[in-house]
Amino acid sequence: MGRKNKIEDDYVTGVRIGQGKYGSVSLCRSLVGGAEYACKTLKKGDETVYREVEIMQHLSGHPGVVTLLAVYEEADCSHLVMELCSGGRLVDQMFREGPCSEQRAANILKEVMLVIKYCHDMGVVHRDIKPENILLTASGEIKLADFGLAMRISKGQNLTGLAGSPAYVAPEVLLGRYSEKADIWSAGVLLHALLVGVLPFKGDSQEAVFEAIKNSKLEFQTGMWESISKPARDLVGRMLTRDISARITADEVLSKFMVDY
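This write-up is about the structure you can find in this document. (Residues numbered from 1 in each chain as written. Predicted model: local features only at pLDDT ≥ 70, side-chain atom pairs only at ≥ 80, totals over all residues. Heavy atoms only, no water.)

What follows is about helix H5 (residues 181–196). Between its first and last C-alpha, H5 extends 23 Å over 16 residues, near the 22 Å set by a 1.5 Å rise per residue. Burial of H5 is extensive: 16 of the 16 residues sit out of reach of the surface. Phi turns positive, to about 80°, at glycine 197, one or two residues after H5. (Helix = DSSP H or I, 4+ residues; strand = E, 2+ residues; numbered from the N terminus. Expected span 1.5 Å × (residues − 1). Buried < 20%, exposed > 50% of the residue type's maximum accessible area, 1.4 Å probe, protein only.)

This brings us to the pattern of salt bridges. Counted by the stated rule, this structure contains 10 salt bridges. Between lysine 40 and aspartate 146 there is a salt bridge whose closest N-O contact spans 3.3 Å. Residue lysine 40 is found in strand S4 (residues 36–43), and its partner aspartate 146 is found in the loop between strand S10 (142–144) and strand S11 (151–152); the two are separated by 106 residues along the sequence. The exposure class assigned to aspartate 146 is partly exposed, which follows from its relative accessible area of 31%. Lysine 143 serves as the salt-bridge partner of glutamate 83, at 3.3 Å between the closest nitrogen and oxygen. Here glutamate 83 is found in strand S6 (residues 77–83), whereas its partner lysine 143 is found in strand S10, with 60 residues between them in sequence. Here glutamate 83 matches lysine 143 in class, with each residue buried. Linked by salt bridges that have partners in common, Lys40, Glu52 and Asp146 make up one network. (Salt bridge = Lys/Arg side-chain N within 4 Å of Asp/Glu carboxyl O.)

Below, the discussion takes up the sheet that holds strand S9 (residues 134–136). Within the open sheet, the three strands sit side by side as S7-S9-S10. Their pairing is antiparallel. The sheet terminates laterally at strand S7 (88–89) and S10, the two strands that pair on one side only. In this sheet, S10 lies alongside S9 in antiparallel orientation, the contact comprising three bridges. Paired with leucine 136 across the strands is isoleucine 142, a residue of S10. (Pairing = 2+ DSSP bridges.)

Further remarks concern the packing of aromatic side chains. If you walk through the whole model with that rule in mind, you get four aromatic pairs. On the numbers, 6.1 Å between centres and 85° between planes, the contact of tyrosine 11 with tyrosine 72 is edge-to-face. One end of the pair, tyrosine 11, is in strand S2 (residues 11–19); the other, tyrosine 72, is in strand S5 (residues 68–73), with 61 residues separating them in the sequence. Like tyrosine 11, the residue tyrosine 72 is buried in the burial classification. Taken together, a centroid distance of 5.4 Å and an interplanar angle of 15° make the contact between tryptophan 185 and phenylalanine 201 stacked. (Phe/Tyr/Trp six-rings, centres within 6.5 Å; stacked < 30°, edge-to-face > 60°.)

On to the environment of serine 255. Along the chain, serine 255 turns up in helix H8 (residues 250–260). Judged by relative accessible area, serine 255 falls into the partly exposed class, the value being 39%. For the pair serine 255 and lysine 110, spaced 145 residues apart in sequence, the C-alpha separation works out to 9.9 Å.

Further remarks concern unusual backbone geometry. In this structure, arginine 127 is a non-glycine residue whose phi angle is positive, near 70°. Mapping arginine 127 onto the fold places it in the loop between strand S8 (124–125) and S9. One non-glycine residue, aspartate 146, lies in the positive phi region at around 60°.

This part is about the packing of H5 against helix H7 (residues 230–239). Look at H5 against H7: their axes get within 8 Å of each other, and the N-to-C directions meet at 145°. Helix-helix and strand crossings are classified by hand; for H5 and H7 the assignment is left-handed. Between H5, through Ile184, Trp185, Ala187, Gly188, Leu191, His192 and Leu195, and H7, the contact on the second element is made entirely by Ala232, Leu235, Val236 and Met239. Partitioning the contact of H5 with H7 into residue classes produces nine nonpolar, two polar and no charged. (Axes fitted to C-alpha atoms, helices over the stretch in contact; angles between N-to-C directions. Left-handed = near helix turned anticlockwise from the far one by under 90°. Contact = heavy atoms within 4.5 Å. Nonpolar A, V, L, I, M, F, W, Y, C, P; charged D, E, K, R; others polar.)

Our next topic: the environment of leucine 174. Mapping leucine 174 onto the fold places it in helix H4 (residues 171–175). Here the alpha-carbon distance between leucine 174 and alanine 163, two residues 11 residues apart in the chain, equals 8.8 Å. Not counting chain neighbours up to four residues away, the residues in contact with leucine 174 comprise Leu162, Val169, Phe210, Ile213 and Lys214.

This is the structure:
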């Protein structure tokens, strides 16, 4: 994928459809054929731009990863032209619809875990699994997006450095030494929110949320969990265990679907 010079030679940029910490996302339309895409614009001078492009190219071809089509370099910014997921973000659907049925939660988690397994098999840790970074196509298929915090990792290697979103970050990330199992924890937080409509770890400050992640005991037997099946509760518990060696892998999550769903 060659880096071209001027995006306006190939696309007309339209309305902004997203804004993140590192840049913005706008609609863009191809001058040839008129098809619509998403254009992510990132400021130059940040090595994460190059890493994100390299990782997206490394992962290209999987149906659950947003496709990167072209990269344009300008003096002060980079433009990443990607497929448009017109179904919007999973987080917005969750806000609109509230807790979903177990079957719907299982279907979402299965698709997410298939992508996470692919990333891990390809030596990539996403480090920011959350519903804001899970996009939906027009037909409702799930695509994992935003690889700005993703890192390549070799087998048995540990990562350092705080990364991720406060409510979804794994306890071992807060302690400063972690591996791909951090993505499983984040996906467990997502499953918790899908099933019961609330996040498992809350607080009135970031410090309070981090304290809850490190110490608070989760209870899956009473209250809102009474209507949730035992296999679903067990799965959340195995994804959200602080014992990393006991935490289920992506392969094991997917094998549970063969048994329970």
